[in-house]
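Spelled out from the first residue to the last, the chains are:
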Amino acid sequence: MIKDTKRGIFILAEVVSFIVFILLCLGIFLLFENKSVDDNEINADVKKVSLQYVINYDLNMNVSVSLEKEEMEELFDLVKSLEFGASETKCVIEPVYYLEYGENKLYLDETCGLALYNDKEYSVTKGGEKITDFLKKKIDILNKVYLFKFDQNTGKAEIIEIDDDGKNQIRSIWSNHSKETMTMNLAILLQYYLYIDGDVIGIDELDDYVSYNAAASHVMMLNQEMRDILNNYIKNSGDECCSCCPNLKPGESCIDLCCPCSGIGEFKIEDYKKEIEEFGPLFNKNKGADIKTREDAIEDAKKLWKDCLKFEENEKYPLTYKVSYDDENDCYLVRANVMAENILGGGASLIIKSNGEVIALWGEN
C-alpha cells in the first residue's frame, strides 16, 4: 500500500513537472514571437523615420516619399506602437511600404496584415490598421510614373529622375498608346523598367518591342513618341556611356554611338567561342562594309544573311534587331529574331569587325 502510494506520488510529480516545463516553453515562445518595435533600441527623443514606396512588390525598386517633420513624428509613433506575432496566414506578403528607423528595416503590405521586420516575416497584431491608413494617404497622392535602370549583375534598380511635367506627358502618351500584345518566343533582356499607374513595361535598350505587365511571352510595340521622351530622360540622367565606344571621328559623340539609347549594347567575343569555331570557317571569306553606326551593322548583317543563308525579312515574318559591341576586339554582334505570332524561335546572328571582316555567321531555328 505504501509502495503504491509512493509510486503514485512519483508519477504525479513527473506529470506536474512536465506540465510546468510545457508552460515555461510556451511562455518563452510567446515572449519572443510577440514583439514590438522596441526590440532594437531606438532613440525615442529623435523621431526619425524614412518612408519608401515599393514598386510592384519588388524589393529592389523603391521610391522615396518625402515627409514633413510633423508627419515623420506621427509615423514614428505609429511604428513604435506596432506589435508582431507569428505569421499563420496562407497569404504571401506583397510589400508596398518600406520604413527605416534606427537600425530597423520594416516592410508592410496592404491586404494580409503581414510584415517583414528585420528580414523575418510576422503578422501585425496591433497598430496595423492605423499605420496602413496613414501610409496609404501618403502614397495615393504620388505621381506614379517611374523609370528605372536595371542592373543585371546586382539585380538592383536605380531610379531615373523625371519631373512632374514629364510624368504627365508620359501618362498622356500611354493613355492613347495601343496595349495590343503578341505572344512570341522573344527574350527581352531587361535594361529599363517603366511603371505607369500600375502598368509595367520592361524595356530592352529601347528596342521597338517591350514586355508588358511582366508577361515574358507577351510583347508589344513601343511607339516612337514614347521612345523619344524616354530617350531624352535617359540621356539627361547622367548615365555614363557604355565603355564600348569605337574610335570616334570628329563631330561624333559617345552618347550618339554607344549610350544604351543608341541601341548598341556590350558583349564579349569569348562568350561565342563555340559558334566561332563551328561557323567561322564557313563564311569568313565574306566581307561587309565598314561599320560606324548601329544602322551600318544591321545593313551588313542583312546583306550577309541573305547571301549566305537565304535569310531575309518579309511582311509575314518581320525581324527585330539587337546590336552589341566588343571594344577590346573591335567586333559587333548583330542578332535578329523573327517577330511573328506563333513562330517559335527563328533568327540569325553575325559577328563582324568594324572593317567588315566576318568572324562568324549562323542561323537559328
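Criteria and thresholds
Residues numbered from 1 in each chain as written. Predicted model: local features only at pLDDT ≥ 70, side-chain atom pairs only at ≥ 80, totals over all residues. Heavy atoms only, no water. Phe/Tyr/Trp six-rings, centres within 6.5 Å; stacked < 30°, edge-to-face > 60°. Buried < 20%, exposed > 50% of the residue type's maximum accessible area, 1.4 Å probe, protein only. Lys NZ or Arg CZ within 6 Å of the ring centre and 35° of its normal. Helix = DSSP H or I, 4+ residues; strand = E, 2+ residues; numbered from the N terminus. Expected span 1.5 Å × (residues − 1). Arc of directions from axis to C-beta. Contact = heavy atoms within 4.5 Å. Pairing = 2+ DSSP bridges.

Colleague: Explain the packing of aromatic side chains here, please?
Modeller: According to the stated counting rule, one finds 13 aromatic pairs in the structure shown. The interplanar angle of 70° and the centroid separation of 5.9 Å between the aromatic rings of Phe 267 and Tyr 272 together place this pair among those described as edge-to-face. The same class applies to Phe 267 and to Tyr 272, which are both buried. An angle of 55° between the planes, with centres 4.6 Å apart, marks the rings of Tyr 325 and Tyr 332 as tilted. Since its relative accessible area comes to 3%, Tyr 325 is described here as buried. By relative accessible area, which is 1% here, Tyr 332 ends up buried. Ring pairs connect the aromatic residues Phe 267, Tyr 272, Phe 279 and Trp 362, which therefore count as one cluster. Across the ring face of Tyr 53, the terminal group of Lys 144 is positioned such that the distance to the ring centre comes to 5.9 Å. Looking at Lys 179, its charged tip hangs above the ring of Trp 174, at a distance of 4.5 Å from the centre.

Colleague: It is not clear to me how helix α2 (residues 69–80) should be interpreted in this structure. Could you clarify?
Modeller: In an α-helix, one turn spans 3.6 residues; hence positions three or four apart end up facing the same way. Between the first and last C-alpha of α2 there are 17 Å, a value that for twelve residues agrees with the 16 Å anticipated at 1.5 Å per step. Listed in full, the buried residues belonging to α2 are Leu 75, Phe 76, Leu 78 and Val 79. Here the buried residues of α2 occupy an arc of 160° about the axis, which is enough to place them on one side. Relative to its buried face, α2 has exposed residues pointing more than 90 degrees away, namely Lys 69 and Glu 70. Where α2 is buried, its residues touch β2 (50–54), β5 (97–101) and α3 (128–140).

Colleague: What should I look at first to understand the pairing of β5 in this one?
Modeller: Residues in a regular strand point their side chains to alternate faces of the sheet. Buried residues dominate β5, accounting for four of its five residues. The pairing of β5 with strand β6 (residues 104–108) spans five bridges and is classified as antiparallel. Across the sheet, Glu 100 pairs through a bridge with Lys 105, a residue of β6. Between β5 and β6, which follow one another and run antiparallel, lie two residues, and Gly 102 among them has a positive phi close to 55°.

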